[in-house]
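Next come the chains, spelled out residue by residue.
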Amino acid sequence: MITYSRQIIDNKDIRNITKTLKSDLVTTGPKVPEFEKKINKFVGSKYSVAVNSATSALHVACIALGLKPGDWLWTSPISFVASANCGLYCGAKIDFVDIDENSHNICVKKLEKKLIEAKTKKKLPKIIVIVNMAGFPCDLTEIKKLSKTYKFKILEDSSHALGAKYKGFKIGNGKFADISVFSFHPVKIITTLEGGIATTNNYEFYKKMELLRSHGITKEKKMFKKKSLGNWYYEQHLLGYNYRMNDIEATLGISQLKKINKFFKKRTYIKKYYDKNLKNLPIILPTNDKKKISSLHLYIIRLKKSSITKRNKLISELRKRGIGVNIHYIPIHYQPFFKSLGFKKGMYPQSEKYYDSALSLPMHPGMSKKDLSRVFNALKKLLKK
Ligand SMILES: *Cc1c(COP(=O)(O)O)cnc(C)c1O
């Protein structure tokens, strides 16, 4: 089976992990801060907080941005459920903004319209979680402008987008979003097995997320509210969690980050192969935009004149042939849990149309030329029927 994505872990990664395993500190040692510094350098942010998943990063980011029970958090329906769940963890109410049909990211026109309506009803969101789908950046300038007018915070779910660029700036550099979150799950751009990170240029958000990651406890003398009683002393300042990344995971992250440019080159090669070979098939290929460089996490195609039955049949035919295509994503509002919160089919037409026609082709740096031609030949054959 050619999977839609998978990790690439080589002997160097394994040697590095072994070294850390044999060191004195395997959990809270020097590797986590080293990894955070390297991510700051890579994306161009001032601060970052590494945690045990992107889901945890989204949660601590929401708290740091001041999300409280009764507040509103908006996101788009085409994402992983974690983009919405982070708001629910904080007791906030969730709403969605439909996607743009070409980028599959939040539609700025629909967002503005919804903000105008929300303002009259005094129901403006505190946070909007924007998702850089497949690694393709959102319209950050326009969204930033709206955030100033309507006073919401921008939380960027960049789980797909490590290495992506917008107008020459790396995603996560803190120029547009208040906080950006990346995932290091094995299917993403680089992996720490499980793991995630939040980047920001705001010192206050940074310090708050740092506290929240580890029980709300600080060991920094300059933060203490009471007198330090010795170097064993610590204080809990708020209700935090155990969301820490460990030194083994951070070691893998550091080792993987060294290969990110190599990985990106391979992804670019795959994109070019697909762009060139699939262009005459009855499908819509991923969109391009001169202002944006995608991290190429996913290669999503859409069937022209599709129905969900036709698309599902194609998926099962491809999978029968060992081609592990996938769907990103089932609209969040279709989930039974979100149905129980009052969401219904028909509420976000563009997301629903997308869901009926989209599929993700295999896209990862471990693919061979033979894998690529297998995908192409199978698609050609099945789409001609
Ligand atoms: C993978 C992913 C997440 C969750 O990441 P974890 O590290 O598994 O918690 C959240 N949002 C999006 C868009 C993702 O793709």
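Residues numbered from 1 in each chain as written. Predicted model: local features only at pLDDT ≥ 70, side-chain atom pairs only at ≥ 80, totals over all residues. Heavy atoms only, no water.

How should the overall build of the chain be read in this particular structure?
The number of helices and strands found in the chain is 13 helices and 17 strands. Its C-alpha atoms give the chain a radius of gyration of 21 Å, within 12% of the compact-globule value 21 Å for 385 residues. Taken along its principal axes, the extent of the C-alpha atoms in the chain is 75 × 60 × 40 Å. Looking at the chain residue by residue over its 385 residues, the buried ones come to 55%. Put simply, of all contacts in the chain between residues at least 6 apart along the chain, 72% involve residues at least 24 apart. (Helix = DSSP H or I, 4+ residues; strand = E, 2+ residues; numbered from the N terminus. Rg over C-alpha atoms; globule rule 2.2 N^0.38 Å. Buried < 20%, exposed > 50% of the residue type's maximum accessible area, 1.4 Å probe, protein only. Contact = heavy atoms within 4.5 Å.)

Please explain the site of the ligand as it appears in this structure.
Neighbouring residues of the ligand: 13 residues in total, closest T55, D157, H160, S183 and K188. At 2.5 Å, a side-chain N or O of T55 approaches an oxygen atom of the ligand. Y329 is positioned such that a nitrogen or oxygen atom in its side chain is 2.9 Å from an oxygen atom of the ligand. Contact with the protein chains hides 92% of the accessible area of the ligand, taken as 380 Å² for the molecule alone. Its residues assigned to classes, the shell around the ligand comprises 4 nonpolar, 7 polar and 2 charged. (Near = heavy atom within 4 Å. Polar contact = N/O pair within 3.5 Å; in protein donor to acceptor, adjacent residues only side chain to side chain. Areas by Shrake-Rupley, 256 points an atom, 1.4 Å probe, with all protein chains shown as cover. Nonpolar A, V, L, I, M, F, W, Y, C, P; charged D, E, K, R; others polar.)

Which parts of the structure should I look at to understand a nonpolar patch on the surface?
The grouping of I9, I14 and L193 at the surface amounts to a nonpolar patch, some 240 Å² of accessible area in total. Take L193: it is sitting in the loop between β9 (179-183) and β10 (196-200). For L193, a relative accessible area of 45% gives the class partly exposed. (Patch = residues over 30% accessible without salt bridge, like charges linked within 9 Å, V, L, I, M, F, W, Y side chains within 5 Å. Salt bridge = Lys/Arg side-chain N within 4 Å of Asp/Glu carboxyl O.)

Could you clarify how one ought to interpret helix α1 (residues 11-21) in this entry?
Count 3.6 residues to each turn of an α-helix, and residues three or four apart come out pointing the same way. Looking at α1, one finds that the buried residues are D13, I17 and T20. Looking straight down α1, one finds its buried side chains confined to an arc of 60°; they lie on one side. Seen from the buried face of α1, the exposed residues on the opposite side, beyond 90 degrees, are N11, K12, R15 and K19. Its side-chain oxygen 3.1 Å from the backbone nitrogen of K12, D10 forms the N-cap of α1. (Arc of directions from axis to C-beta.)

Is there a simple way to think about the packing of helix α5 (residues 108-120) against helix α6 (residues 140-150) in this case?
How two helices sit against one another is set out by the angle between their axes and by the gap between those axes. The interhelical angle for the contact between α5 and α6, taken along N-to-C directions, is 5°, at an axis separation of 11 Å. Overall, the two elements α5 and α6 adopt an arrangement that is roughly parallel. Here V108, L111, E112, L115, I116 and K119 of α5 come into contact with α6, specifically with E142, I143, L146 and Y150. The class makeup of the residues in the contact of α5 with α6 is 7 nonpolar, no polar and 3 charged. (Axes fitted to C-alpha atoms, helices over the stretch in contact; angles between N-to-C directions. Parallel < 35°, antiparallel > 145°, perpendicular 65-115°, else oblique.)

Can you walk me through a positive patch on the surface in this structure?
A surface patch of like charges, here positive, comprises K12, R15, K19, K258 and K262. Relative to the elements of secondary structure, K19 occurs in helix α1. Judged by relative accessible area, which is 62%, K19 ranks as exposed. (Lys, Arg positive; Asp, Glu negative; His and termini not counted. Charge placed at Lys NZ, Arg CZ, Asp CG, Glu CD.)

What should I look at first to understand the domain arrangement of the chain in this one?
Interface size is commonly expressed as the accessible area that is lost once the parts come together. Structurally, the chain comprises domain 1 (11-257) and domain 2 (260-383). The C-alpha centroid of domain 2 is placed 26 Å from the C-alpha centroid of domain 1. At the junction of the two partners, domain 1 supplies 42 residues and domain 2 supplies 34 residues. Both faces combined, the contact of domain 1 with domain 2 buries some 3,200 Å², and carbon together with sulfur accounts for 66% of it. Area buried by domain 1 at its contact with domain 2 is led by F96, F136 and I189, which between them contribute 18% of it. Applying the counting rule to domain 1 against domain 2 returns 1 salt bridge. For K292, the salt bridge is made with D139, and the minimal N-O distance between the two is 2.7 Å. (Domains from an automatic or database assignment. Buried area = accessible area lost by both parts, 1.4 Å probe.)

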